[in-house]
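Chain residues, written in single-letter form:
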Amino acid sequence: MKSYIVQLAAARLLPVTLILSLLVFYRGHNEPGGGFIGGLMAAAGFIFYAMAFDTQEAEKKLRVSPLMLIVAGLSFAFISTLPSLFAGNPFFTGEWISLIIPLLGKLKLGTPLLFDFGVYLTVWGVIVTIIFNVMEE
Amino acid sequence: METLLAIVIGLLYAAGVYLLLRRSIVKLILGIMFFSHATNLLIFVAGGLHKGQPQFATDGINAVSANPTDPLPQALILTAIVIGFGITAFFLALMYRFYQATGTEDLDELKEGENK
Amino acid sequence: MTGILIYLIILLITAFLSPILISKGGKTAPWLLGMVSAAGFAWLLGFTGYISEGNSLNYTIEWLPELYLNFSLYLDGLSLFFALLVTGMGALVLVFSGNYMKPYAMKHRFFFLILLFEFAMLGMVLSGNLFTMFIFWELTSVSSFLLVGFNHEKPEARNAALQALLITVAGGLAMMAGFIMLGQMAGTLEINQLLKSGDIIRNHPHYLPALLLVLAGAFTKSAQFPFHFWLPGAMQAPSPVSAYLHSATMVKAGIYLLMRLSPVMGGTPEWKYILTITGAITMILGGYFAYSQTDFKKVLAYTTISALGTLVLMLGIDTDISIKAAIIFLLVHALYKGALFMIAGLIDKSVGSRDLRKIGGLNKVMPVASLAAIISLLSMAGLPPMIGFIGKELIYEAKFALPDIGNLLLVAGVMTNIIMVAISLALIFNLFLGPLKYPGERPTRPAFALRVGPSLLAGISLIFGLFPATVADFLLSPAIKSIRPSIDSFKLSLWHGFNEVLLVSFITVAAGVVLFLLYRKINPMLTHLNTEVITFRFADAFNKGLNVFLYLTKRKTSFIQSGYQRFYLMAIFIMTSVLAWYQLIYTWPEIESISFSRPGMFEMIILLLIVSSTIIAVLIRSRLAAILSLGAVGYGIGLLFIVYGAIDVAITLMLAETLVLVLFMVVIYHLPKFTNFSSKASRLRDAAVALLVGGFMTGLVLKAGQLNLNPKISDFYVENAIPLAHGSNIVNVILVDFRALDTLGEITVLVIAAIGVVALLKLKTKKGSAT
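Everything quoted here is computed from the prediction, not taken from an experiment.

## Here we look at the overall build of chain C
Step number 1: Assigned secondary structure in chain C consists of 33 helices and 2 strands.
Step number 2: Expressed as a percentage of the 771 residues in chain C, the buried residues total 56%.
Step number 3: For chain C, the share of sequence-separated contacts (at least 6 apart) that also reach a separation of at least 24 residues comes to 79%.
Step number 4: Here chain C displays about 31,800 Å² of accessible surface, and carbon together with sulfur accounts for 70% of that area.

Written as structure tokens, this is what we have:
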């Protein structure tokens, strides 16, 4: 599958997929989407890239090892549970703050968002790890 | 529709069972995938079928569609799908190693190998 | 009382630190360990004043109070008496072992195990809850197993260890069932409360089974007939272990249990008959075998069995005087038997043999040890002025006071004691006095550490015999009072005056002397009889039974475990669906009232797609087509999800399905082509099983449609999605907020799957890289 057109398409599509996956992840709290779907999309982008070039190229493009994505993801998910403990609420209670950012309006940030980001990274990392390994074999 | 879906789910399970009982290890994996599809559908149907718009909470009081789809089974299935992917991948890797190590895809050879 | 808990913990920590201490600490290490034990002894001694005033202490940490399970400690006269025995003997044995175990390479392990045992045994006797007691009880069995099998290079040692473990643990299991029954009857397992519920338990319809189960535990642990044979086998252990576990403390655990539960379960005819008969048989049998042995340690082992039988017998007679006799005889026996086992080890170490026919006149080489041995043996024979004399007199008195079967028991007791006298005299005159005999080199004088334990114990035997009243006051009467609160005064004296008991004692001694004089003639005859004529061995019978059991288990396993994965699956499928079908048919009429929605055109097309793809995937020979069809099934289901408003699920499913397809595409050419292994008949059979399962699942869905799952859960999520979780995508809110802990578990599973894949593909096993 080392076709130039496919390679070109994969290279152009990768950033688009990534931005899209982040968007899907962020709006997931209110509309269809979320960490699982976003993670799957991001992974799909890289897998397409890996199929067009090869896995080494794709891993280079990823910059960090997929394993790091998993570690970061799980860490985010765990860290997101801590603020509730400090706030004296039961474990895993969602804690929210509202930021008013000029021009953008009100931005709501909460630990569930952080948790979902952890899910996003974990799913992304896991799928990339699995498929890259299988492809290399 | 529920009756038809029930029959389809039964068929998916039957296909899964039939494939699981094959000696070929590739078919074993297909069987497991049929099982997970069938189970996802089963949970979904058990939650009640409601055609139409997805359910979203609107601001304030719950005043969404009159006949909403139950969100709880959906959440269950969603994670089940992703985990199902992980399991499938794991099985695939396992099968690949099995084939590499034994040179066969016949599960019965496992038993014979053990007796050697 | 928390102090006692802390001491138990200190003991456990000491056990775990002991290997380091022993391998680094050199000569002083065993003394230090002995000091820990002695400190516990001294500290417990401080309680005697408080306890002898009739008080008791209780300490409870609640665990599962609904099931009566608590961690409790309870200290009264009886447990204090045993606790002193455990810690005191422990200190002496540790010091003794320090020298005795010197040549062993694994001695650090030995000290760990023996301290672990001390912890378990002390915990056992101090337990205030029967379940706490059970846990410590089993821990003593385990440490005994490891200590008996300490010389694990020897097959006999391993065999004996296994035998001891199987018997005591089987008994322990029965005992636990008995404890549970007691808990159900009395509504508590706390000992201080159980002691008050004796009447409820004795009049309960389940009293007899509970009694039998508890007795099974006590009898196996205390080596009662017919479970006695593990104890001589356990003599494979190093001598300090025999002295500590298998004469002074652990085998007394069963006796302790009987004493503890005597106010709760005792006093009934069942209790009396079972205990007296078992005890009497064990007592005589032990005496006979002891008389016919030639190995010093075996002699001691069988006299221990005999003594344990005597104790059970005394508890079975169950009168004021017999309880007194039991407590004092227990002390007597622990003192002389502990000393004698240590001396047996000492002889074994310095002479290199324990064969009574080859050794003699040891007082020429080891005067101190011989003196200690002679005093202990006199105590064992029940001769004045040792404390053993008082014990024996009380036992006779107890038997005299019994109206109906007393005479029979008296005869049995006198016979046993005659044998004891004969054995003691034989050992004194052949082994320690008389002409010096040894098989190898001239024995050397044993080290101080070896002599101190036996000498101290023998000294106590003598002192207690001369001044019995002091012991009785502070130690024995509190113990007796916790078994029998009605006993007020308790006086012990060496001299009882001229009475019928003294007369029987005279007869015993006289007959014993005669039997001793015949010892050299009778002993070889009996040895011959035991080895050549009576070939039946309890231990062999047990081993044979064990082998038969193992054989049957193997047969059963190879029948059930065919080794073919599809037969396992088939068994599961058929069993499940047959049972489920039964339930489905049984409740079928209720399914009538379901309202079904009409399918539309679009849904019909999707269903058709799913059905046809399924059939293709199952039947087609091409791998690629099968996998693509499976993908089509997945997409079809995804479309269904969209139709029914589950948009998130649909997106996830389709993405995942695509990725699975990619995964298969990557590996497909590495995979084997489909081959048909099965015959047509077996395919038809599998199809039948498949339809059975599929049909049942259809029925299940139909039934599920009519079930009204609790809507409150979903309603809660729907109503609170925005107020509590600030999100309107309810599915996502459930995933990341309401049920976030589940999701955390799920992504962890995913990570594990990924690690599994990496491990399978990247790490080459030896076999994998070879092929």
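## As for the overall build of chain A
Step number 1: Of the regular secondary structure elements, chain A holds 6 helices and 2 strands.
Step number 2: Each helix and strand of chain A, placed in order from N terminus to C terminus, yields the pattern α-α-α-α-α-β-β-α.
Step number 3: In chain A, buried positions account for 47% of the 137 residues.
Step number 4: Long-range pairs, those at least 24 residues apart, make up 64% of the contacts in chain A between residues at least 6 apart in sequence.

## Some details on the interface of chain A and chain B
By a widely used convention, the size of an interface equals the accessible area lost when the partners come together.
Step number 1: Taken residue by residue, the interface counts 9 residues in chain A and 9 residues in chain B.
Step number 2: Around 760 Å² of area is buried between chain A and chain B when both sides are counted, 88% of it from carbon and sulfur atoms.
Step number 3: If you sort the residues of chain A by the area they bury against chain B, Phe36(A), Ile130(A) and Glu137(A) come out on top, with a joint share of 54%.
Step number 4: Connecting chain A to chain B are 0 salt bridges.
Step number 5: Viewed at the interface, chain B and chain A are joined by 0 residue pairs in polar contact (both at pLDDT 80 or more).

## Considering the interface of chain C and chain B
Step number 1: Tallying the contact residues gives 96 residues for chain C and 81 residues for chain B.
Step number 2: Between chain C and chain B, the buried area comes to about 8,400 Å², and carbon and sulfur atoms account for 77% of it.
Step number 3: On the surface where chain C and chain B come into contact, there are 5 residue pairs in polar contact (both at pLDDT 80 or more).
Step number 4: Looking at the side of chain C that touches chain B, the elements that each hand over two or more residues are α25 (565-586), α26 (601-619), α27 (623-643), α28 (647-667), α29 (680-706), α30 (711-725), α31 (730-738) and α32 (740-762) of chain C.
Step number 5: In terms of residue count, the dominant contributor to the side of chain C that touches chain B is α29(C) (15 residues).
Step number 6: In terms of residue class, the side of chain C that touches chain B is built from 62 nonpolar, 23 polar and 11 charged.

## Comments concerning the pattern of salt bridges
Step number 1: On inspection of all chains with the given rule, the structure shows 13 salt bridges over all chains.
Step number 2: With a closest N to O distance of 4.0 Å, Lys392(C) and Glu393(C) form a salt bridge.
Step number 3: Lys392(C) gets classed as buried once you look at its relative accessible area, which sits at 5%.
Step number 4: One network of salt bridges, in which partners are shared, links Arg22(B), Arg685(C) and Asp686(C).

## Re the side chain of Ser37(C)
Step number 1: Tracing the sequence through the fold places Ser37(C) in helix α2 (residues 28-45).
Step number 2: Sequence-distant contacts of Ser37(C), that is, excluding residues within four places in its chain, are made with Tyr7(C), Thr87(C), Gly90(C), Ala91(C), Leu94(C) and Glu118(C).

## Here's the deal with a nonpolar patch on the surface
Residues and elements named next belong to chain A.
Step number 1: The grouping of Ile79, Leu82, Leu85 and Phe86 at the surface amounts to a nonpolar patch, some 430 Å² of accessible area in total.
Step number 2: Broken down by element, the residue count for the nonpolar patch peaks at 3 residues, all from helix α5 (residues 82-86).
Step number 3: Looking at the secondary structure, you find isoleucine 79 in helix α4 (residues 66-79).
Step number 4: Judged by relative accessible area, isoleucine 79 falls into the partly exposed class, the value being 44%.

## Points about the nonpolar core
Step number 1: Of all hydrophobic cores here, the largest spans 190 residues; its most connected members are Leu122(C), Phe179(C), Met259(C), Met265(C) and Ile347(C).
Step number 2: The leading source of residues in this core is helix α16 (residues 320-351) of chain C, at 22 residues.
Step number 3: With residues up to four places along the chain from it excluded, the contact list for Leu122(C) reads Tyr7(C), Leu8(C), Leu11(C), Leu44(C), Ala83(C), Val86(C) and Thr87(C).
Step number 4: Listed in part, the 135 residues of the second largest apolar core include Ile131(A), Leu661(C), Ile730(C) and Leu760(C).

## Regarding the environment of Ala234(C)
Residues and elements named next belong to chain C.
Step number 1: In this structure, alanine 234 sits in the loop between α11 (230-233) and α12 (239-248).
Step number 2: Classification of alanine 234 by relative accessible area gives buried; the value is 0%.
Step number 3: Taking C-alpha positions, alanine 234 is 6.6 Å from alanine 161, a pair spaced 73 residues apart along the chain.
Step number 4: If near-sequence neighbours (up to four positions away) are discounted, alanine 234 is found in contact with Val148, Ala160 and His246.

## Section: the packing of aromatic side chains
For any pair of aromatic rings, the description consists of the separation of the ring centres together with the inter-plane angle of the planes.
Step number 1: Across all of its chains, the model carries 28 aromatic pairs over all chains by this definition.
Step number 2: When the ring of Phe35(B) is compared with that of Phe573(C), the centres are 6.1 Å apart and the planes differ by 40 degrees; the resulting orientation is tilted. Taken together, the residues Phe35(B) in helix α2 (residues 25-46) and Phe573(C) in helix α25 connect one chain to another.
Step number 3: A centroid spacing of 4.7 Å and a plane angle of 75 degrees characterise the contact between Phe44(B) and Phe641(C), whose relative ring orientation is edge-to-face. In this pair, Phe44(B) is assigned in helix α2 and Phe641(C) in helix α27, connecting two distinct chains.
Step number 4: Through a chain of ring-to-ring contacts, three or more aromatic side chains come together here, namely Phe25(A), Phe46(A), Phe76(A), Phe117(A), Tyr120(A) and Trp124(A).
Step number 5: Above the ring of Tyr100(C), the side-chain terminus of Lys349(C) is found at 5.8 Å from the ring centroid.
Step number 6: Taking the ring centre of Phe567(C) as reference, the NZ or CZ of Arg566(C) above it sits at 5.0 Å.

## Looking at α25(C)
All names here are of chain C.
Step number 1: When the terminal C-alpha atoms of α25 are compared, their 32 Å separation across 22 residues agrees well with the 32 Å that a helix rising 1.5 Å per residue should span.
Step number 2: Those residues of α25 that sit buried are Arg566, Leu569, Met570, Phe573, Ser577, Ala580 and Leu584. Buried residues of α25, viewed axially, fall in a sector of 125 degrees; they line one side. α25 presents Met575, Leu579, Tyr582 and Tyr586 as exposed residues on the side facing more than 90 degrees away from its buried surface.

## Description of the packing of α26(C) against α27(C)
For any two helices packed against each other, one specifies the crossing angle of their axes together with the interaxial distance.
Residue and element names in this part refer to chain C.
Step number 1: Viewed as axis vectors pointing N to C, α26 and α27 meet at an angle of 155 degrees, and their least axial separation amounts to 8 Å. Regarding the angle of α26 to α27, the classification is roughly antiparallel. Classified by chirality, the crossing of α27 by α26 is left-handed. Contacts from Phe602, Glu603, Ile606, Leu607, Leu609, Ile610, Ser613, Thr614, Ile616 and Ala617 in α26 reach Ala626, Ser629, Leu630, Ala632, Val633, Gly636, Ile637, Leu639, Leu640 and Val643 in α27.
Step number 2: Classifying every residue of the contact of α26 with α27 by side-chain character gives 15 nonpolar, 4 polar and 1 charged.

## Thoughts on the pairing of strand β1 (residues 57-64) of chain C
Residue and element names in this part refer to chain C.
Step number 1: In this structure, β1 lies alongside strand β2 (residues 69-75), joined through 7 bridges in antiparallel fashion. Bridging across to β2, isoleucine 61 finds its partner in phenylalanine 71.
Step number 2: Between β1 and β2, which pair antiparallel in sequence order, lie 4 residues; one of them, tyrosine 68, sits at a positive phi of approximately 65 degrees.

## Focus on helix α18 (residues 387-400) of chain C
An α-helix turns once per 3.6 residues; consequently, residues spaced three or four apart project the same way.
Residue and element names in this part refer to chain C.
Step number 1: Taking 1.5 Å per residue as the helical rise, α18 with its 14 residues ought to reach 20 Å, and the 20 Å between its terminal C-alpha atoms agrees with that figure.
Step number 2: Counted residue by residue, α18 has 12 buried out of 14 residues, so it is predominantly covered.
Step number 3: Regarding α18, the residues found buried are Ile387, Gly388, Phe389, Ile390, Gly391, Lys392, Glu393, Leu394, Ile395, Tyr396, Ala398 and Lys399.

## A look at unusual backbone geometry
Step number 1: With an omega of 0 degrees, the peptide bond between Phe225(C) and Pro226(C) qualifies as cis.
Step number 2: The phi torsion at Arg63(A) lies on the positive side, around 70 degrees, for a residue other than glycine.
Step number 3: Turning to its location among the elements, Arg63(A) is positioned in the loop between α3 (55-62) and α4.
Step number 4: Judged by relative accessible area, Arg63(A) falls into the exposed class, the value being 75%.
Step number 5: Even without being glycine, Ala223(C) reaches a positive phi, approximately 55 degrees.
Step number 6: Tracing the sequence through the fold places Ala223(C) in the loop between α10 (207-221) and α11.
Step number 7: The class for Ala223(C) is buried, based on a relative accessible area of 0%.

Calculation rules
- Residues numbered from 1 in each chain as written.
- Chains lettered and ligands numbered in written order.
- Predicted model: local features only at pLDDT ≥ 70, side-chain atom pairs only at ≥ 80, totals over all residues.
- Heavy atoms only, no water.
- Helix = DSSP H or I, 4+ residues; strand = E, 2+ residues; numbered from the N terminus.
- Buried < 20%, exposed > 50% of the residue type's maximum accessible area, 1.4 Å probe, protein only.
- Contact = heavy atoms within 4.5 Å.
- Areas by Shrake-Rupley, 256 points an atom, 1.4 Å probe, with all protein chains shown as cover.
- Buried area = accessible area lost by both parts, 1.4 Å probe.
- Salt bridge = Lys/Arg side-chain N within 4 Å of Asp/Glu carboxyl O.
- Polar contact = N/O pair within 3.5 Å; in protein donor to acceptor, adjacent residues only side chain to side chain.
- Nonpolar A, V, L, I, M, F, W, Y, C, P; charged D, E, K, R; others polar.
- Patch = residues over 30% accessible without salt bridge, like charges linked within 9 Å, V, L, I, M, F, W, Y side chains within 5 Å.
- Core = buried A, V, L, I, M, F, W, Y, C linked by side-chain atoms within 4.5 Å.
- Phe/Tyr/Trp six-rings, centres within 6.5 Å; stacked < 30°, edge-to-face > 60°.
- Lys NZ or Arg CZ within 6 Å of the ring centre and 35° of its normal.
- Expected span 1.5 Å × (residues − 1).
- Arc of directions from axis to C-beta.
- Axes fitted to C-alpha atoms, helices over the stretch in contact; angles between N-to-C directions.
- Parallel < 35°, antiparallel > 145°, perpendicular 65-115°, else oblique.
- Left-handed = near helix turned anticlockwise from the far one by under 90°.
- Pairing = 2+ DSSP bridges.

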